[in-house]
Amino acid sequence: MTPAASPLPVPAHIAIIMDGNGRWAKQRGLPRLEGHRRGVEAVRTVVDAAREIGVRCLTLYAFSVENWRRPGDEVGGLMGLLETFLTRETPKMVRDKVRLRTIGRTDELPCGARAALAAAMAATARFTDYTLVLALNYGARTEAIDAARSFAAAVVAGKASLDDAASWAGFSRHLYTHDLPDPDLVIRTSGEKRISNFLLLQAAYAEFVFTPVLWPDFGKTELIAAVTEFRGRERRFGQITEQLGAAGAEAEAKRPGDVIV
Ligand code: FPP
């Protein structure tokens, strides 16, 4: 039985740190870019698989603010793969009613990638059931800086008060993810156990699953295995086990926002 067909909940939002493309290529004596190419195939598979099992939002860490430090040909190759992916996949995203969103400083991406992103987002903006979020030129610390700057500008413009910053609800409106739910499940592939500047604030109550599988080998079976592991976890959101159940469901629906736990 796939997660969507079973009565237990599927995480509404899954975020994935796609790691291991380089090692996948190295193990086969192939250039690193071939690993990234196969990584794009895994992206296609997992975007479909997550939609099929009932996930509402999938965030993929595709390029971090730190990734600019890689060799120039690898960075150029990744940007080319992104552009090709967007151009090829947009008709399918429209057919499958997938809304594309980004988080990160996308205005610093090369113009070809920016144009492909703008076209894909415009073509899919009307869809509401399933959102694919690409984290591009993303870093959680950069996001915090951008949010602080946006909040300060709103205060100066008289659109926000300093009191708004005292509540998470008020401040989080300035994050890139202001219109997205927090991730319930964060998956990292390739055996590394780090968060690498990814959704540090939004993952405050997420469950983490680390798998040794390299990203190009990650598919529907591995996604379902991670969701199954997620389902075995008890999410307490600062409460104790005995408070869960009916009241727990209510607490989960509210999620801790302003409450410090
Ligand atoms: C990490 O593997 C992967 C990346 C830094 C890039 C992820 C990019 C893709 C999966 C392809 C492009 C994505 C889209 C959405 C078109 P690594 O290179 O760090 O692997 P390693 O740790 O084994 O060297």
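Preceding this section is the structure that the text describes.
Residues numbered from 1 in each chain as written. Predicted model: local features only at pLDDT ≥ 70, side-chain atom pairs only at ≥ 80, totals over all residues. Heavy atoms only, no water.

Engineer: Explain the packing of aromatic side chains to me, using residue names and the numbers behind them.
Structural biologist: The description of two aromatic rings rests on the distance between their centres and on the angle between their planes. Following the criterion strictly, the structure yields 10 aromatic pairs and no others. Between the aromatic rings of Tyr138 and Tyr176, the centroid separation amounts to 6.0 Å while the plane-to-plane angle is 70°, which identifies the pairing as edge-to-face. Placement of Tyr138 in strand E4 (residues 130–138) and of Tyr176 in the loop between helix H6 (168–172) and strand E5 (185–188) is noted, with a sequence separation of 38 residues between them. Neither residue differs from the other here; Tyr138 and Tyr176 are each classed as buried. For the ring pair Phe208 and Phe210, a centre distance of 6.1 Å and an interplane angle of 20° mean the geometry is stacked. For Phe208, a relative accessible area of 25% translates into the label partly exposed. (Phe/Tyr/Trp six-rings, centres within 6.5 Å; stacked < 30°, edge-to-face > 60°. Helix = DSSP H or I, 4+ residues; strand = E, 2+ residues; numbered from the N terminus. Buried < 20%, exposed > 50% of the residue type's maximum accessible area, 1.4 Å probe, protein only.)

Engineer: So what's going on with the site of the ligand? Which residues, and what values?
Structural biologist: Near the ligand you find 18 residues, and of these Asp19, Gly22, Arg23, Arg32 and Arg70 are the closest. A distance of 3.3 Å separates an oxygen atom of the ligand from a polar backbone atom of Gly20. One of the backbone nitrogen or oxygen atoms of Gly22 is found 3.0 Å away from an oxygen atom of the ligand. Listing elements by their share of the shell around the ligand, those giving two or more residues are helix H1 (21–27), helix H2 (32–52) and helix H3 (72–95). In terms of residue count, H2 provides more of the shell around the ligand than any other element does, four residues in total. A class-by-class count of the residues in the shell around the ligand yields eight nonpolar, six polar and four charged. (Near = heavy atom within 4 Å. Polar contact = N/O pair within 3.5 Å; in protein donor to acceptor, adjacent residues only side chain to side chain. Nonpolar A, V, L, I, M, F, W, Y, C, P; charged D, E, K, R; others polar.)

Engineer: Describe the pairing of strand E2 (residues 57–64), naming the residues involved and giving the relevant values.
Structural biologist: Burial runs high along E2: seven of the eight residues are buried. Inspection of the sheet shows strand E1 (residues 13–17) paired to E2 by five bridges, in the parallel sense. If you follow Ile14 over to E2, its bridge partner there is Leu58. The pairing of E2 with E4 spans seven bridges and is parallel. Its bridge partner being in E4, Leu58 is matched across the sheet by Leu132. (Pairing = 2+ DSSP bridges.)

Engineer: Give me the pattern of salt bridges: which residues, what numbers.
Structural biologist: For the coordinates displayed, the defined rule picks out 19 salt bridges. A salt bridge links Arg44 to Glu89; its shortest N-O distance comes to 2.6 Å. With a gap of 45 residues between them, Arg44 in helix H2 and Glu89 in helix H3 connect regions that are remote in the sequence. Given a relative accessible area of 11%, Glu89 falls into the buried group. A salt bridge links Arg51 to Asp48; the shortest N-O distance between them is 3.9 Å. Residue Arg51 and its partner Asp48 are both found in helix H2; the two are separated by three residues, about one turn of the helix. Owing to a relative accessible area of 21%, Asp48 belongs among the partly exposed residues under this scheme. Three or more residues joined by partner-sharing salt bridges are found here, namely Asp19, Arg23, Arg188, Glu192 and Arg194. (Salt bridge = Lys/Arg side-chain N within 4 Å of Asp/Glu carboxyl O.)

Engineer: So what's going on with the sheet that holds strand E6 (residues 207–210)? Residues and values would help.
Structural biologist: Spatial ordering of the open sheet is given by E3-E4-E2-E1-E5-E6, a layout of six strands whose pairing is parallel. This sheet does not close on itself; its edge strands, each paired only once, are strand E3 (98–103) and E6. Looking at each pair of strands side by side, their axes are set apart by 20° on average, direction ignored. With four bridges connecting them, E5 and E6 associate as parallel partners. Residue pairing in the sheet places Leu185 in a bridge with Glu207 of E6. (Axes fitted to C-alpha atoms, helices over the stretch in contact; angles between N-to-C directions.)

Engineer: I'd like to hear about the packing of H3 against helix H4 (residues 111–124), residue by residue, with values.
Structural biologist: Between H3 and H4, whose axes approach to 9 Å, the crossing angle comes to 10°. Classed by the angle they form, the pair H3 and H4 counts as roughly parallel. Counting all contacts with H3, which are made through Leu82, Glu83, Leu86, Thr87, Thr90, Met93 and Val94, the residues of H4 involved are Gly112, Ala113, Ala116, Leu117, Ala120, Ala123 and Thr124. (Parallel < 35°, antiparallel > 145°, perpendicular 65-115°, else oblique. Contact = heavy atoms within 4.5 Å.)

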